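Structural overview for review
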Amino acid sequence: MATPVFRFAPSPNGRLHLGHAYSALLNEKMARETGGRLLLRIEDTDVTRSRREFVDGIFEDLRWLGISWEEPVRIQSGHFGDYERELQRLWQMGAVYPCFCSRSLAKTLPTRDPEGQPHYAGTCRSIWREEAEARMAKGEPFGWRLKTESDASMWGDAMISKRGTGSSYHIAVVTDDALQGVTHVVRGRDIEPATPLHMQLQRLLGFPTPHYHHHDLIRDEVGEKLSKSKKSVSLLELRAQGVTAEEVRERLGFPSILHGPA
Ligand code: GLU
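Residues numbered from 1 in each chain as written. Predicted model: local features only at pLDDT ≥ 70, side-chain atom pairs only at ≥ 80, totals over all residues. Heavy atoms only, no water.

Neither face of strand S4 (residues 96-99) is open: one carries Val96 and Pro98, the other Tyr97 and Cys99, and all of them are buried. Where S4 and strand S7 (residues 143-146) come together, four bridges link them in antiparallel fashion. In the strand pairing of S7, Val96 is matched with Leu146. (Buried < 20%, exposed > 50% of the residue type's maximum accessible area, 1.4 Å probe, protein only. Helix = DSSP H or I, 4+ residues; strand = E, 2+ residues; numbered from the N terminus. Pairing = 2+ DSSP bridges.)

Turning next to the packing of helix H3 (residues 80-92) against helix H5 (residues 169-179). One way to put it is that H3 packs onto H5 with a least axis distance of 10 Å and a crossing angle of 105 degrees. Considered as vectors, H3 and H5 are oriented roughly perpendicular to each other. Residues Asp82, Tyr83, Arg85, Glu86, Leu87 and Leu90 of H3 pack against Ile171, Ala172, Thr175, Asp176 and Leu179 of H5. (Axes fitted to C-alpha atoms, helices over the stretch in contact; angles between N-to-C directions. Parallel < 35°, antiparallel > 145°, perpendicular 65-115°, else oblique. Contact = heavy atoms within 4.5 Å.)

What follows concerns the site of the ligand. The ligand sits among Arg7, Ala9, Pro10, Ser11, Glu43, Tyr169, Val173, Arg187 and Ile191. At 2.8 Å, a side-chain N or O of Arg7 approaches an oxygen atom of the ligand. A distance of 2.6 Å separates a nitrogen atom of the ligand from a polar side-chain atom of Glu43. (Near = heavy atom within 4 Å. Polar contact = N/O pair within 3.5 Å; in protein donor to acceptor, adjacent residues only side chain to side chain.)

Relative to the helices and strands, Ile42 is located in strand S2 (residues 37-42). In this structure, the C-alpha to C-alpha distance between Ile42 and Pro72, residues 30 residues apart in sequence, is 11 Å. Excluding its chain neighbours within four sequence positions, the residues that come into contact with Ile42 are Pro10, Pro12, Val55, Ile58, Phe59, Val73, Arg74, Ile75 and Gln76.

Here we come to the pattern of salt bridges. Applying the stated criterion to the full structure yields 25 salt bridges. Notably, a salt bridge pairs Arg32 with Glu28, separated by 3.8 Å at the nearest N-O pair. A residue pair is termed a helical-turn pair when its members lie 3 or 4 positions apart in one helix, as Arg32 and Glu28 do in helix H1 (residues 18-34) at four residues. Arg32 sits in the exposed class, given a relative accessible area of 53%. Note that Asp177 and Arg41 form a salt bridge whose closest N and O atoms lie 2.9 Å from each other. Within this pair, whereas Asp177 is found in helix H5, its partner Arg41 is found in strand S2, the two being separated by 136 residues in sequence. A network of salt bridges, in which partner residues are shared, links Arg7, Arg41, Glu43, Arg74, Asp82, Arg85, Glu86, Arg89, Asp176 and Asp177. (Salt bridge = Lys/Arg side-chain N within 4 Å of Asp/Glu carboxyl O.)

Everything listed is a geometric property; what it means functionally is a separate question.
Here it is, written out as structure tokens:
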């Protein structure tokens, strides 16, 4: 069997918290147990939210946890050309269309997507190709929407590359998993609803579909999902409070690095 390839793919828009530590440690454990490789990927296509200091923070926190990864680390903001190439292929095959609607003016439907956002009414789907090409050539801002099918239709015509921010999470994650030969995607349940969308993109682009495992989310004391936006306590803060990496690993249910394999 080919060597399994795992990846931990955080977005540098805040410091890592226990939820990230769990995801990283689980990837590391599964890679170790299957004789696989572990990659680290920095998902910073959203240039409005990503910061260099958080990239450094990711390296620092993972090293502190005792995790090692292969070099070079793929940093997505250095590869926009790869995502653009795949978007153009999708455009040529008629699977996506440019949407010129601004966020505030886009017409929506009464139904909502898994993130609670109203479905887009599909206004720009009916723009003729020639007109769309002309508007793009003129420099009118737009984002790419996928004509979602079957399992992914719960998203409506999902934006896979956003206007303005450079953010292209869905196309970037699928392109990179394929380019990097990722065979096992291990990530939180919060991203599970996006997986049918990713699988549709893989089918369209002729990419293999990796194995997916979505793990439970680590909850804080009040049972809320940990997230950077809610200012959950970061690994950096835990460290400052004197918590050791050993204690973090233990709390998350991972055997001690010092004691070696059982
Ligand atoms: N970059 C995403 C995040 O930080 C994870 C993407 C993935 O694992 O597929 O939430």
